[in-house]
Amino acid sequence: MKKVNELLWPEILTSLREKGFVRIDNFLSKEDCIQLISLYPKQELYRTIIDMQRYRFGKGEYKYFNYPLPLPIQQLREQFYNPLHALANQWLSLLGLESMYPENHSGFISLCKMRKQNRPTPLILHYQTGGFNTLHQDLYGEIYFPFQVVLVLSQHGIDYEGGELVMTEQLPRAQSKANVIIPNQGDAIILTTNFRPVKGTRGYYKSSMKHGVSEVKSGERYAFGIIFHDAI
């Protein structure tokens, strides 16, 4: 696993500003991915298991981890938050909103608790042939962080076919723009949870973004999601 503080953060932040997402190649090793996948059947780690088809979220299954989070997951949540919080506050400032994101993740979780958002949201997802995830935003209450991280644990073209990561952006007075990524095993994608600020003729406006996963044509696809805010 690469060290979060040694990533090329100037380039990462520029991509987030310009596109609302960024791909970090080979963040996890193959061994890291196998270790995370091995957590999937350990039911004692999870607070909730979601059958996506039951709720019309798509087709597949995901599991929310319970507190205390496994140490590597807790550390990644904290380490990714630190370099992202300044950009999160900058986005609020551009939109004329008051800064609200503390310097460290524990301070942010305290804000979540004040709004009765006490349930952890890091999750692991599993898709089989025919599985997919509808376009959505991971919002679980009044408080949310504008970025999240997806870690891809399976290798496209070997473990599965299809299953591309799809992101859409609602452009003003226009149709939505789609971006499609085919990540490799171990890649990390930082993406916008809700919106990003885009400059228009009258200042900055909110450009709404969603993400999902296209249909898995064959095989199995595992992914891991690091969401920074907690849920009601």
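To be clear, the structure that these remarks concern was listed above.
Conventions and cut-offs
- Residues numbered from 1 in each chain as written.
- Predicted model: local features only at pLDDT ≥ 70, side-chain atom pairs only at ≥ 80, totals over all residues.
- Heavy atoms only, no water.
- Buried < 20%, exposed > 50% of the residue type's maximum accessible area, 1.4 Å probe, protein only.
- Helix = DSSP H or I, 4+ residues; strand = E, 2+ residues; numbered from the N terminus.
- Pairing = 2+ DSSP bridges.
- Contact = heavy atoms within 4.5 Å.
- Axes fitted to C-alpha atoms, helices over the stretch in contact; angles between N-to-C directions.

## Overview of the pairing of strand β5 (residues 123-127)
- Counting buried residues in β5 gives five out of five residues, a clear majority hidden from the surface.
- Burial of β5 is two-sided: the residues Leu123, Leu125 and Tyr127 facing one way and the residues Ile124 and His126 facing the other way are all buried.
- Summarising the sheet, strand β4 (residues 61-65) and β5 pair through four bridges and their orientation is antiparallel. Considered in β5, the bridge of lysine 63 is made with isoleucine 124.

## Thoughts on the side chain of histidine 105
- For histidine 105, the location among the structural elements is in helix α4 (residues 105-114).
- Those residues in contact with histidine 105, other than ones at most four positions away along the chain, are Arg77, Glu78, Tyr81, Asn82 and Phe228.

## Looking at the sheet that holds strand β11 (residues 188-192)
- Here seven strands make up an open sheet; going across it, the order is β1-β11-β7-β15-β5-β4-β2 and the pairing antiparallel. Two strands in the sheet have a free side with no partner beyond their single neighbour: β1 (21-24) and β2 (46-51). Pairwise comparison of adjacent strand axes, ignoring direction, gives a mean angle of 20° for this sheet.
- Note: strand β7 (residues 147-152) against strand β15 (residues 221-227), five bridges, orientation antiparallel. Along β15, the bridge assignment pairs valine 149 with isoleucine 226.
- Docked against the sheet, helix α1 (residues 9-19) engages β1, β7 and β11, running at close to 145° with respect to β1.
- Sheet strands touched by helix α3 (residues 71-94): β1, β4, β7, β11 and β15. Its angle to β7, the strand with the most contacts, is close to 140°.

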